[in-house]
Every structure is written in C-alpha cells, then in structure tokens.
Amino acid sequence: MALDEKKAWAEELLRQKYQEIGRLPQKEDFDDVTRSRIKAFLGPWPRALESAGIKEARAKPDKKKRKRNAKTPIGQSSGKAQTKTEQNGKD
C-alpha cells in the first residue's frame, strides 16, 4: 500500500467513526494498533482530524508579532527599547 493510500485509508476511517458516533473521534475510540497506524500516516491526533476534514485547522500564531512583543522592555508602551544614552538621560 502506497503512502497516499495509507493516508486515504486513515482519513476515511476517521470520517466513518465521526459519522458513527456523532462527535470528533478520540484516540480512545480506536484499538491500539489502529490508533498507532492513523498517527503514523497522518501525524499527531489534532492534525489527523484536520487531515480527515472533520476538524477545522487552527490558526497559526504570528511569530513576528510575538517576537516583537517579547523584546519590549517592561514599563514601555511604545515598543521601542531605549538606548543606553536615552536611559542615562543624555541626548
């Protein structure tokens, strides 16, 4: 069985279980071997559900925005760090 066929098999299995139980399938809804194969073919459980089209993909965080905010010194709202000269009050 080719990788594409394995992925299609795992996705179909997840969709069938979703229809059968009427909610997002959980890992516990499958036996150990089947669960292991689904994860091997589709990745971590949340990504497997997304791949099967039964769970909406989560939005990726904006890494640039997070980095910029992480560098903002405490007590400053402008987002611009002061130079050593500015910190010492010298212009």
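I will try to describe carefully the structure that is included in this document. The shown structure was predicted, so the numbers you read here are calculated from the model rather than taken from an experiment.

### Concerning the nonpolar core
If you look at soluble globular proteins, the nonpolar side chains tend to sit buried side by side. Listed in full, the 11 residues of the largest apolar core are Ala10, Leu14, Phe30, Ile38, Phe41, Leu42, Trp45, Ala48, Leu49, Ala52 and Ile54. For this core, the secondary-structure elements that each account for two or more residues are α1 (3–21), α2 (32–42) and α3 (45–51). If we skip the residues at most four places from it in the chain, Ile54 touches Leu14, Arg15, Tyr18, Leu24, Pro25 and Leu49.

### Observations regarding the pattern of salt bridges
Enumeration over the complete set of coordinates arrives at five salt bridges. The partner of Glu20 in a salt bridge is Lys17, and the shortest N-O contact between them spans 3.8 Å. Of this pair, Glu20 and Lys17 both sit in helix α1, three residues apart, roughly one helical turn. Residue class for Glu20 comes out exposed when judged on its relative accessible area of 59%.

### Thoughts on the packing of aromatic side chains
On inspection of all chains with the given rule, the structure shows two aromatic pairs. Consider the rings of Trp9 and Phe41, whose centres lie 6.1 Å apart with planes at 75°: the pair is edge-to-face. Linking Trp9 in helix α1 with Phe41 in helix α2, this pair joins segments that are 32 residues apart in sequence. Above the face of the Phe30 ring, Lys17 is positioned so that its terminal group lies 5.4 Å from the ring centre.

### Looking at the side chain of Glu11
Position of Glu11 relative to the elements: it lies in helix α1. No salt bridge is formed by the buried Glu11; the nearest opposite charge belongs to Arg15, separated by 4.3 Å. Leave out the neighbours within four places in its chain, and Glu11 touches Leu42, Ser51 and Ala52.

### As for α1
Over its 19 residues, α1 extends 27 Å from the first C-alpha to the last, a length consistent with the 27 Å expected when each residue adds 1.5 Å. Taken together, the buried positions of α1 are Ala10, Glu11, Leu14 and Lys17. An end-on view of α1 places all buried positions within 125° of arc, on one side of the element. Across from the buried face of α1, at angles greater than 90 degrees, the exposed residues are Asp4, Gln19 and Glu20.

### Quick look at the packing of α1 against α2
Angle between the axes and distance between the axes: these two values describe a pair of packed helices. Running from N to C, α1 and α2 point in directions that differ by 125°, and their axes come no closer than 9 Å. As summarised for this structure, α1 and α2 are arranged oblique, according to the angle between their axes. Classified by chirality, the crossing of α2 by α1 is left-handed. Where α1 approaches α2, its residues Lys6, Lys7, Trp9, Ala10, Glu11, Leu13 and Leu14 are matched on the opposing element by Thr34, Arg37, Ile38, Phe41 and Leu42. Grouping the constituent residues of the contact of α1 with α2 by class yields seven nonpolar, one polar and four charged.

Thresholds applied
- Residues numbered from 1 in each chain as written.
- Predicted model: local features only at pLDDT ≥ 70, side-chain atom pairs only at ≥ 80, totals over all residues.
- Heavy atoms only, no water.
- Core = buried A, V, L, I, M, F, W, Y, C linked by side-chain atoms within 4.5 Å.
- Buried < 20%, exposed > 50% of the residue type's maximum accessible area, 1.4 Å probe, protein only.
- Helix = DSSP H or I, 4+ residues; strand = E, 2+ residues; numbered from the N terminus.
- Contact = heavy atoms within 4.5 Å.
- Salt bridge = Lys/Arg side-chain N within 4 Å of Asp/Glu carboxyl O.
- Phe/Tyr/Trp six-rings, centres within 6.5 Å; stacked < 30°, edge-to-face > 60°.
- Lys NZ or Arg CZ within 6 Å of the ring centre and 35° of its normal.
- Lys, Arg positive; Asp, Glu negative; His and termini not counted.
- Expected span 1.5 Å × (residues − 1).
- Arc of directions from axis to C-beta.
- Axes fitted to C-alpha atoms, helices over the stretch in contact; angles between N-to-C directions.
- Parallel < 35°, antiparallel > 145°, perpendicular 65-115°, else oblique.
- Left-handed = near helix turned anticlockwise from the far one by under 90°.
- Nonpolar A, V, L, I, M, F, W, Y, C, P; charged D, E, K, R; others polar.

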